[in-house]
Structures are given as C-alpha cells and as structure tokens.
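# Per-entry structural report
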Amino acid sequence: LADTAAAHAGLDRHDCRLVRNAALVAHLGRTGVSTGIWNKTGPLTAAEIERIRTVPYLTESILRRQPRLAELGALAGTVHERIDGSGYPRGLAANSLSTCARVLAVADWYQTIAEARPHRDPVPKSERATLLRQLVTEGKFDGVAGRAVLAAAGHRVPRRTTLVAGLTDREAQILDLLVRGASNRQIAEQLTI
C-alpha cells in the first residue's frame, strides 16, 4: 500500500522504494512493548499508552545502529507523526515532514484501521475513506498523501482536492499571498479582485 501510494504521490523510484522499506520495518520497535499490552482488550492505562508511543523511537534507534540503515530508520521513525504536530514521538509538523514521511504515515494509519485488533473490529473499507478524508480536512494528514493512499487502496479519488480546514481554492490563493507578505492591495491586484 505504501509503495503504490508513493507512486501515486509522484515520488521517484528511489523514494518509492524507501517508503516501501520503511513501511516494512516501521513497527520493528514493537518488540520493546510487552505482548500483554498489545493483546489487551480493555482500555489502556496512561503508562501503557506512553510505552506504545515509544515504538517509532525504538524502531529508529534499532535501525540507526547500522549506518546504511540510518536513512530508513529516520523515515520509519516518523510513521506516527501528523502534519499538525499532534503525532509522536517528536510532534513534528508539516514543515519538518517530507512527502515520503507523509505518505508513510497515511498508509500506516489506513492499514492499521483495516486490521482487527483485540480491542476493536476492522473498520469497513467505505468508512476508512470517509475517516481519512475527514482527517485531511482537519489538518492531521496531508491531502496529496491522503489521495495517494485512497487511490492505492482502490477508492475513487475526486479530481478536486479538499484543502485544510475546508478552504476553497480562492481562499488558499489569498492566504498564500498573505503569508508571503503581500498587502491587501497587492493581493487584490494580483488576483484581480
């Protein structure tokens, strides 16, 4: 899923392979968490949640011991990061996450909810698409990565993109110019308002 999504996102062959390999090893750090936690059917305690949140860090630590795997480990360590900074273990935001990291995070999330867990059933395919689109709209996931994963998973992907916070294309253009330091007059002139 991650490899195909990376191709849909327009990544080159090297990056597609990197995303694929990172997806394969992204949960290597799970070995550092007790099976009692993974198999628990009830709610997790705060300490158990914190232990689970160490998995990406453990994965990266294991892989960076071998210099040739350091790049792979760095990418695998971002598997639970979100573009709004709400992810873990580092709370990285969009400006710190490569397209590879964004695709990997969405593919991992999608695959995770598609699988049964001791505490929940798998989420049906139609609901997965709806949930992913909602998370893109909320600014948790990148829109390009979200569309790429949906396409890779066999969902219909609309041509029109959904922007963060439900902005229209015009609102995004105005915001882009504003962030770049344009005055109201310059924005109006450039966009012929």
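Look up a bit, the structure's there.
Residues numbered from 1 in each chain as written. Predicted model: local features only at pLDDT ≥ 70, side-chain atom pairs only at ≥ 80, totals over all residues. Heavy atoms only, no water.

### Details of the nonpolar core
Counting residues in hydrophobic clusters, the biggest one holds 38 residues, and the most contacted among them are Val 19, Leu 75, Leu 132 and Phe 141. Those elements that provide at least two residues to this core are helix H1 (2–8), helix H2 (13–25), helix H6 (70–76), helix H7 (99–114), helix H8 (125–137) and helix H9 (143–152). The biggest single contributor to this core is H7, with 10 residues. What Leu 75 contacts, discounting residues up to four positions off in sequence, is Leu 18, Val 19, Ala 22, Cys 100, Ala 101 and Leu 104. (Core = buried A, V, L, I, M, F, W, Y, C linked by side-chain atoms within 4.5 Å. Buried < 20%, exposed > 50% of the residue type's maximum accessible area, 1.4 Å probe, protein only. Helix = DSSP H or I, 4+ residues; strand = E, 2+ residues; numbered from the N terminus. Contact = heavy atoms within 4.5 Å.)

### Examining H8
For H8, with 13 residues, the first-to-last C-alpha span of 19 Å sits near the 18 Å given by 1.5 Å per residue. Among all positions of H8, only Arg 128, Ala 129, Leu 132, Leu 135 and Val 136 are buried. All buried residues of H8 fall inside an arc of 130 degrees around its axis, so they share one side. Across H8 from its buried face, at more than 90 degrees, point the exposed residues Ser 126 and Thr 130. Within two residues after H8, Gly 139 carries a phi angle of roughly 90 degrees, on the positive side. (Expected span 1.5 Å × (residues − 1). Arc of directions from axis to C-beta.)

### Looking at the environment of Arg 180
With respect to the secondary-structure elements, Arg 180 resides in the loop between helix H10 (169–179) and helix H11 (184–190). Overall, the relative accessible area of 65% leaves Arg 180 in the exposed class. Sequence-wise, Arg 180 and Thr 59 are 121 residues apart; in three dimensions their C-alpha atoms are separated by 38 Å. Among the polar contacts made by the side chain of Arg 180, one reaches the side chain of Asp 176 at a distance of 3.0 Å. (Polar contact = N/O pair within 3.5 Å; in protein donor to acceptor, adjacent residues only side chain to side chain.)

### So, unusual backbone geometry
Between Tyr 88 and the following residue, Pro 89, the backbone shows a cis peptide bond with an omega angle of 15 degrees. Within the secondary structure layout, Pro 89 lies in the loop between H6 and H7.

### Here we look at the packing of H8 against H9
To describe two helices that pack against each other, one gives the angle between their axes and the distance between the axes. Running from amino to carboxyl end, H8 crosses H9 at an angle of 170 degrees, the nearest separation of the two axes being 9 Å. Overall, the two elements H8 and H9 adopt an arrangement that is roughly antiparallel. Only Gly 143, Gly 146, Val 149 and Leu 150 of H9 make contact with H8, whose side of the interface consists of Ala 129, Leu 132, Arg 133 and Val 136. Along the lines of polarity and charge, the residues of the contact of H8 with H9 split into five nonpolar, two polar and one charged. (Axes fitted to C-alpha atoms, helices over the stretch in contact; angles between N-to-C directions. Parallel < 35°, antiparallel > 145°, perpendicular 65-115°, else oblique. Nonpolar A, V, L, I, M, F, W, Y, C, P; charged D, E, K, R; others polar.)

### What to know about a nonpolar patch on the surface
On the surface, Leu 175, Leu 178 and Val 179 cluster together into a nonpolar patch covering about 290 Å² of accessible area. Along the chain, Leu 175 turns up in helix H10. (Patch = residues over 30% accessible without salt bridge, like charges linked within 9 Å, V, L, I, M, F, W, Y side chains within 5 Å. Areas by Shrake-Rupley, 256 points an atom, 1.4 Å probe, with all protein chains shown as cover. Salt bridge = Lys/Arg side-chain N within 4 Å of Asp/Glu carboxyl O.)

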